[in-house]
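# A look at the structure
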Amino acid sequence: MIKGRLEDDRMLTGRGKYVSDWNLPGQAYGHFVRSDRAHADIVSLDVAAARAQPGVIAVITGEDIRAALKSLPCALPVKGRGGMELIHPGRPALAQGRVRFTGEPVALVVAQSAVAAQDAAELLNIEYRDRPALISAAEALKPDSPLVHDSVPGNIVLDYESGDDAGSKAAFAKAARTIELEVDISRVVGNPMEPRACLAHWDARAEMYHLYTCTQGAPIMRNQLSAVLGVPPEKIRVIAEEVGGGFGVRFNVYPEYCAALFAAKKLGRPVKWTGTRSEVFLADEQARGVRSRGALAVDSQGKILGMRFDMLADLGAYLAPTGPFINTIGIVNCLSGVYDVPAAYARIRLALTNTAPMAAYRGAGRPIMSYALERLVEHAAHELGLDPAEFRRRNFIRQFPYRIAAGFEYDSGDFEGVMKKALAAADWRGFAARKAESERRGKLRGRGMATYIEATGAGFAPQDQIELRWGGEGELTIYAPTHNHGQGHETTYAQLVSGVLGIPMETIRLRTAGPEFYLTGNATGGSRSLLAVGGVVYLGAQELVKKGMALAAEALEAAQADIEFAAGEYRIKGTDRRISIQQLAAKHPGAMDLAYANKFGACFPNGCHIAELEITPETGEAQIVSYVACDDAGNIINHQIVEGQLQGGIAQGAGQAFTELAVYDEAGQLLTGSFMDYAMPRPGEVAGLKLLEHPVPTKLNPLGAKGVGEAGVTGSLPALMNAVVDALRQAGVKHFEMPATPRRLWEALQAAHRKAA
Ligand code: MCN
């Protein structure tokens with residue numbers, strides 16, 4: 001077991017190179033002028049006063065880019081109900097004629113300094129004619145609602161369905177009981193530590209665009225930029241060293257990057273933009289924001305016969321490249337969870353509103369499904385008078401492979417085994433006594449469970465390419481398409497290679513996106529890096545050993561058949577004549593380098609999370625008192641990193657459950673646009689974490705690993721809110737939505753109290 005991570009030293013001693021640490025000779029600075037209203041026509045836009053300011057080099061507007069830049073891309077590989085195609089109304093890099101959400105970029109001011117650009121931006125004279133703003137997806141559906149885009153009738157870009165409609169209807173017709181629950185999966189802002197930034201450069205000689213930015217993966221960003229810039233991906237380089245957190249909101253191309261690249265080419269000098277926290281709140285992709293009406297059909301033995309969901313997703317004012325995917329396939333890929341359900345069906349309508357575009361946030365659709373389903377299952381158990389663990393146990397899938405109604409196939413799992421371990425660690429049976437003890441102290445104690453499953457691994461790119469290249473001193477560099485922005489890839493990929501090649505981990509380094517190489521593959525997302533790219537790295541290392549056989553035979557003057565490889569050395573069998581792989585690589589510069597590609601697809605990590613919390617009725621404060629998570633992430637490569645990933649994911653679930661909420665007012669102004677109004681989870685929020693492993697290796701990749709990066713949030717969101725609802729139930733509260741802030745909890749308790757009186 002190694003101590004710490006290879007990347008820690010650099011990160012903790014301030015030697016990481018983040019986007020705003022990059023500088024290029026002759027660079028200018030950009031500042032974006034953003035719409036201060038949610039929905040309006042741009043009547044006129046006068047740049048003269050701003051342009052005349054000292055230090056200002058250019059003011060670029062939507063009209064300037066109209067002919068040069070295409071819409072930001074968005075596509076979906078599936079159709080909707082009745083063959084409906086996704087309607088992509090298009091999204092310009094700078095607003096053209098109309099603004100559709102507060103914070104939308106309208107113009108880019110470029111100046112000699114960032115301050116000069118910001119000052120001049122205030123002199124931009126924009127005349128708007130306001131239009132009525134649509135703030136909620138429910139409102140968007142009303143027949144007389146204003147249209148966000150004239151090309152999208154009824155504000156619905158897609159009416160999607162998945163599963164077995166007729167079968168589930170039949171199941172409901174014959175059910176002994178049907179149980180329904182409507183829940184709101186609240187809207188959140190991703191908030192990585194590093195606000196978005198870019199440095200755009202046009203290399204006129206090579207006719208190439210260079211973009212330094214915070215990205216979860218250069219290859220995807222390059223393809224998306226290619227669609228906007230109208231040049232092949234080979235003409236674009238995306239460069240990122242350190243990225244201060246991704247969490248899904250650094251996956252896609254953003255308008256600002258396209259406008260900055262346009263400006264860099266037009267002006268013949270690099271343009272640097274460093275965003276602020278306010279811009280993160282206003283103009284980063286936001287996520288979740290789905291209303292779900294779910295129903296279970298149950299027979300007299302507590303066996304689930306059918307399941308239906310009707311969801312309404314808010315996609316914001318424009319389609320983010322992955323927004324529709326996340327809110328359709330990303331939700332239904334685990335449609336019926338860990339349960340053996342003969343007929344499940346979901347309808348999801350994707351609506352537009354005058355709010356920031358919506359896409360991925362840690363879990364990317366799966367927490368929406370797990371929340372809707374696990375809240376419903378827990379609610380059903382209470383309605384049926386069954387122990388929530390027993391109700392789940394009766395319905396677990398036990399045979400694999402198992403194909404769910406949405407068409408996806410779970411390859412492996414032991415849901416009952418996972419739950420058993422969690423129940424024991426949480427002392428499930430002792431809850432009544434603990435609850436009574438809390439009551440004596442005047443506290444409401446609640447317990448919540450979630451037996452989640454999620455899909456990890458599928459990627460858009462046809463293959464993941466990697467390269468292994470030796471340096472002169474026997475050091476080996478792994479080049480990979482997935483970006484490492486907190487997940488510890490430098491350590492785990494090095495562990496894999498070191499394990500195969502037998503060379504010290506310290507001699508292995510990872511480069512994920514750099515100007516000097518070019519790989520295709522998938523970005524970091526969908527918790528796929530280890531199982532997919534890690535799998536390719538692992539096989540690549542094995543190929544490298546094979547590749548060295550002929551050279552080793554030559555160096556040792558033996559027949560290749562007599563050579564064996566072990567512990568980093570090629571050896572003539574039965575002798576002590578040997579050469580290390582590092583010596584061999586140094587002897588033959590370039591000859592021992594290797595390019596390798598392969599692709600490994602989706603697999604299904606799962607787990608059982610059990611939370612207990614106490615609510616203080618006088619103040620509404622909720623305090624987690626114990627949290628047990630037992631997860632099946634398949635084979636684990638680095639237990640310490642996996643533990644960290646689970647802790648982070650659980651804390652992010654707690655953030656959404658207890659404090660975070662993006663709120664727009666009726667006019668479409670974001671009321672929660674800073675950390676003063678939008679509360680992130682704090683250290684200590686998730687106390688008493690107990691993490692257990694229950695690995696069931698998958699055969700779908702060479703490592704037997706399942707993804708873990710998003711599991712924590714997928715499990716914790718429903719487990720925590722089930723615990724909140726359980727505590728409130730005792731006080732007569734019938735319905736409660738996230739976030740469980742002290743004020744909202746206190747108000748709910750007061751309202752129930754008044755009603756009872
Ligand atoms: N791992 C392991 N054994 C397993 C599974 C994973 O040792 N069976 C290790 C991997 O080698 C890797 C880490 O755990 O070091 C996470 O691996 P994986 O599950 O493959 O997830 P990714 O590396 O693809 O990370 C993506 C995932 C996503 S989608 C979001 S969002 C997210 C997350 O990871 N964003 C993060 N975790 C984050 N953590 C940090 N610090 N910052 C983010 O932005």
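To be clear, the structure that these remarks concern was listed above.
To start, this report covers the structure provided alongside it. (Residues numbered from 1 in each chain as written. Predicted model: local features only at pLDDT ≥ 70, side-chain atom pairs only at ≥ 80, totals over all residues. Heavy atoms only, no water.)

### Observations concerning the packing of aromatic side chains
- Within this structure, the stated rule accounts for 14 aromatic pairs.
- Taking the centre distance of 4.8 Å and the plane angle of 55° together, the rings of Y410 and F604 count as tilted. In this pair, Y410 is assigned in strand β18 (residues 409-410) and F604 in the loop between β26 (594-598) and β27 (606-616), connecting sequence segments 194 residues apart.
- Y410 gets classed as buried once you look at its relative accessible area, which sits at 0%. (Phe/Tyr/Trp six-rings, centres within 6.5 Å; stacked < 30°, edge-to-face > 60°. Helix = DSSP H or I, 4+ residues; strand = E, 2+ residues; numbered from the N terminus. Buried < 20%, exposed > 50% of the residue type's maximum accessible area, 1.4 Å probe, protein only.)

### Things to note about the pattern of salt bridges
- Applying the stated rule across the entire model yields 51 salt bridges.
- Here R403 makes a salt bridge to E409, at a shortest N to O gap of 3.1 Å.
- The salt bridge partner of E612 is R445, with a shortest N-O separation of 2.9 Å. Of this pair, E612 sits in strand β27 while R445 sits in strand β19 (residues 444-453), and the two are 167 residues apart along the sequence. (Salt bridge = Lys/Arg side-chain N within 4 Å of Asp/Glu carboxyl O.)

### What about the side chain of R277?
- Counting through the fold element by element, R277 comes out in helix α9 (residues 277-283).
- A distance of 2.9 Å separates the side chain of R277 from the backbone oxygen of P192, its partner in a polar contact.
- With residues up to four places along the chain from it excluded, the contact list for R277 reads N191, P192, M193, E194, P195 and F675. (Polar contact = N/O pair within 3.5 Å; in protein donor to acceptor, adjacent residues only side chain to side chain. Contact = heavy atoms within 4.5 Å.)

### Looking at the layout of surface pockets
- Of the pockets and cavities examined, the second largest pocket occupies roughly 620 Å³.
- For the second largest pocket, the lining is made up of 29 residues, of which S136, A137, D184, G289 and R291 are closest to its centre.
- Listing elements by their share of the lining of the second largest pocket, those giving two or more residues are α5 (137-140), β8 (177-189), β13 (286-298) and β14 (304-314). (1 Å grid on protein atoms, 1.4 Å probe; cavity = no way out; pocket = protein on both sides within 12 Å on 5 of 7 lines; lining within 4 Å. Points joined across faces, edges and corners; volume = space filled by probe spheres on them.)

So, to be careful, I would describe these as geometric facts and stop short of saying anything about function.
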